[in-house]
Amino acid sequence: MYTPHTDRYEAMPYRRTGRSGLKLPALSLGLWHNFGPDRPVDTQRQILRRAFDLGVTHFDLANNYGPPPGAAESALGDALRADFAPYRDELVISTKAGYLMWPGPYGEWGSRKYLLSSLDQSLSRMGLEYVDIFYSHRPDPETPLEETMGALHSAVLQGKALYVGVSNYSPEQTREAARILGELGTPLLIHQPRYSMLDRRPEEEGLLDTLDELQVGSIAYSPLEQGLLTSRYLDGIPEGSRAASDSPFLSADKVTEELVGQLRELNEVAESRGQSLAQMALAWVLRGGRVTSALIGASSPRQLEDSVAATGALDFSAEELCRIDGIIGAAGR
């Protein structure tokens with residue numbers, strides 16, 4: 001029988017999400033990879049247990065996470081029943097719908113039929129009556145935004161979600177989504193964009209400014225750029241890495257000699273801070289408090305522990321930020 005650590009809330013910082021009453025841990029656990037039938041069940045359970053012991057109270061999923069699609073939600077459902085049933089009210093569980101989940105015209109995008117059907121399936125896989133946050137995973141160019149946001153609103157009215165969010169929406173789309181939801185009476189809680197030292201589009205395109213203005217929270221995914229912002233690529237592409245595989249998320253041609261040189265320079269900055277490159281990359285995303293939480297993945301409890309240690313040094317000097325900007329600027333981002 002799993003018994004969580006009694007001191008699990010002592011070290012993890014928690015940040016208020018926008019203007020809501022909900023606080024999220026500075027680091028949240030994403031179940032995008034490493035949770036499916038191709039991974040040992042014991043390892044998955046150990047990661048989830050260790051996360052909770054370290055104060056990571058937010059588990060983030062989507063309907064298509066796996067592989068195969070749905071596998072991550074099923075894996076979490078098994079863990080919830082086995083380990084976390086007594087602690088459901090201490091957890092924030094989120095899921096999303098938007099990408100391809102089943103064949104035919106109703107299996108993806110943003111229609112009311114797809115979103116609400118997908119949420120029912122997600123709840124069934126996880127064995128839950130509700131999720132804490134339900135996201136529109138991507139904007140639908142053909143479905144009126146009023147319909148997509150109306151479906152999120154309905155999920156709240158039906159008691160199947162407590163809050164709603166969007167992911168991969170532009171600043172303009174986010175502003176309009178917030179307006180529609182506000183008029184319906186279900187505020188937009190949070191936006192989940194891709195954001196890292198190497199991908200600063202949320203800054204450059206004005207998304208972070210928009211979220212500040214709307215008082216909407218944010219949670220960054222891929223803060224380590226699919227592993228690029230770790231020590232794995234400091235000497236090129238190692239065997240067994242994501243870039244060495246046929247992964248659609250990181251191809252070998254992205255790992256250029258120029259990039260490797262820049263990663264080494266960033267690693268020098270991290271070492272001067274007493275951090276690993278991965279820890280500094282997470283701290284950088286969380287600097288200044290503009291981002292509510294950063295999503296981390298983990299293939300082992302030790303990797304998770306290393307990431308969580310980043311919360312011990314979230315402040316940067318002006319000199320450090322300038323140096324990082326100089327290195328990244330040289331990358332021609």
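The structure we're discussing is the one just above.
Throughout what follows, the structure given in this document is the object of discussion. Bear in mind the structure is a predicted one, so any value in this text is a computation, not a measurement.

Residues Leu29 and Leu266 are the most contacted members of the largest nonpolar core, which totals 91 residues. In terms of residue count, helix H9 (residues 277-286) provides more of this core than any other element does, nine residues in total. If you look at the next biggest cluster of nonpolar residues, it comprises 10 residues, including Ile133, Tyr135, Tyr221 and Leu295.

Looking at where Ser307 falls in the secondary structure, it is placed in helix H10 (residues 301-308). With relative accessibility at 5%, the residue Ser307 sits in the buried group.

Turn by turn, an α-helix covers 3.6 residues, leaving residues three or four places apart pointing in a common direction. Every buried residue belonging to H10 is among Leu304, Ser307 and Val308, and all of these are buried. All buried residues of H10 fall inside an arc of 95 degrees around its axis, so they share one side. Tucked inside the fold, the buried residues of H10 contact strand E3 (27-30), helix H1 (41-53), H9 and strand E10 (293-296).

Closest axis-to-axis distance for the H1/helix H2 (residues 71-84) pair is 10 Å, and the angle between their directions is 60 degrees. What the angle tells us is that H1 and H2 run oblique. Note that H1 runs across H2; the crossing there is right-handed. Taken together, the residues of H2 that come into contact with H1 (itself represented by Gln44, Arg45, Leu48, Arg49 and Phe52) are Ala75, Leu76, Ala79, Ala82, Asp83 and Phe84. Classifying every residue of the contact of H1 with H2 gives seven nonpolar, one polar and three charged.

A separate point is the side chain of His191. Residue placement: His191 occurs in strand E8 (residues 188-192). Residue His191 is classed as buried on the basis of its relative accessible area, which comes to 0%. In this structure the side chain of His191 is engaged in a polar contact, spanning 2.9 Å, whose partner is the backbone oxygen of Tyr169. In contact with His191, not counting residues within four places along its chain, are Val166, Ser167, Asn168, Tyr169, Thr174, Leu207, Leu211, Val216, Gly217, Ser218 and Ile219.

Now for the pattern of salt bridges. In total, this model carries 23 salt bridges according to the counting rule given. Among the salt bridges present, the one from Arg50 reaches Glu305, with a minimum N-O distance of 2.7 Å. Of the two residues, Arg50 is situated in helix H1 and Glu305 in helix H10; the sequence distance between them amounts to 255 residues. Its relative accessible area of 22% is what places Arg50 among the partly exposed residues.

Now for the environment of Ser231. You can see Ser231 is positioned in the loop between strand E9 (217-220) and helix H8 (257-272). In this structure Ser231 comes out as exposed when scored by relative accessible area, which is 53%. For the pair Ser231 and Leu263, spaced 32 residues apart in sequence, the C-alpha to C-alpha distance is 8.4 Å.

With that settled, consider the sheet that holds E9. In spatial order, the strands read E3-E4-E5-E6-E7-E8-E9-E10; together these eight strands close into a barrel with parallel pairing. Sheet twist, expressed as the mean angle between neighbouring strand axes with direction ignored, is 30 degrees. The pairing of strand E7 (residues 161-167) with E8 spans four bridges and is parallel. Looking at the pairing, Val164 lines up with Leu188 of E8. Here helix H4 (residues 145-157) sits on the sheet and contacts strand E6 (131-136) and E7; the angle it forms with E7, its principal contact strand, is near 155 degrees.

Taken across its six residues, E6 has six buried, putting it largely inside the fold. The parallel pair E6 and E7 is bridged by H4, and the resulting crossover is right-handed.

Counted according to the given criterion, the structure contains nine aromatic pairs. Ring centres 5.7 Å apart and planes at 85 degrees place the aromatic pair Phe52 and Phe84 in the edge-to-face group. Taken together, the residues span a long stretch of sequence, with Phe52 in helix H1 and Phe84 in helix H2 at a distance of 32 residues. In this structure, Phe52 and Phe84 share a single accessibility class: buried. An aromatic cluster of three or more residues is present, and its members are Tyr2, Phe52, Phe59, Phe84 and Tyr87. Sitting over the ring of Trp109, Arg138 keeps its end group 3.6 Å from the ring centre.

On to unusual backbone geometry. A cis amide bond, omega 0 degrees, links Gly66 with the succeeding residue Pro67. Its place among the elements puts Pro67 in the loop between strand E4 (58-60) and H2. The residue after Pro67, namely Pro68, is reached through a cis peptide bond having omega -10 degrees. Locating Pro68 in the fold gives a position in the loop between E4 and H2. Phi is positive for Gln215, close to 60 degrees, though the residue is something other than glycine. Checked against the element boundaries, Gln215 lands in the loop between helix H7 (207-214) and E9.

The rules we used
Residues numbered from 1 in each chain as written. Predicted model: local features only at pLDDT ≥ 70, side-chain atom pairs only at ≥ 80, totals over all residues. Heavy atoms only, no water. Core = buried A, V, L, I, M, F, W, Y, C linked by side-chain atoms within 4.5 Å. Buried < 20%, exposed > 50% of the residue type's maximum accessible area, 1.4 Å probe, protein only. Helix = DSSP H or I, 4+ residues; strand = E, 2+ residues; numbered from the N terminus. Arc of directions from axis to C-beta. Contact = heavy atoms within 4.5 Å. Axes fitted to C-alpha atoms, helices over the stretch in contact; angles between N-to-C directions. Parallel < 35°, antiparallel > 145°, perpendicular 65-115°, else oblique. Left-handed = near helix turned anticlockwise from the far one by under 90°. Nonpolar A, V, L, I, M, F, W, Y, C, P; charged D, E, K, R; others polar. Polar contact = N/O pair within 3.5 Å; in protein donor to acceptor, adjacent residues only side chain to side chain. Salt bridge = Lys/Arg side-chain N within 4 Å of Asp/Glu carboxyl O. Pairing = 2+ DSSP bridges. Right-handed = clockwise from strand over helix to strand, strands pointing away. Phe/Tyr/Trp six-rings, centres within 6.5 Å; stacked < 30°, edge-to-face > 60°. Lys NZ or Arg CZ within 6 Å of the ring centre and 35° of its normal.

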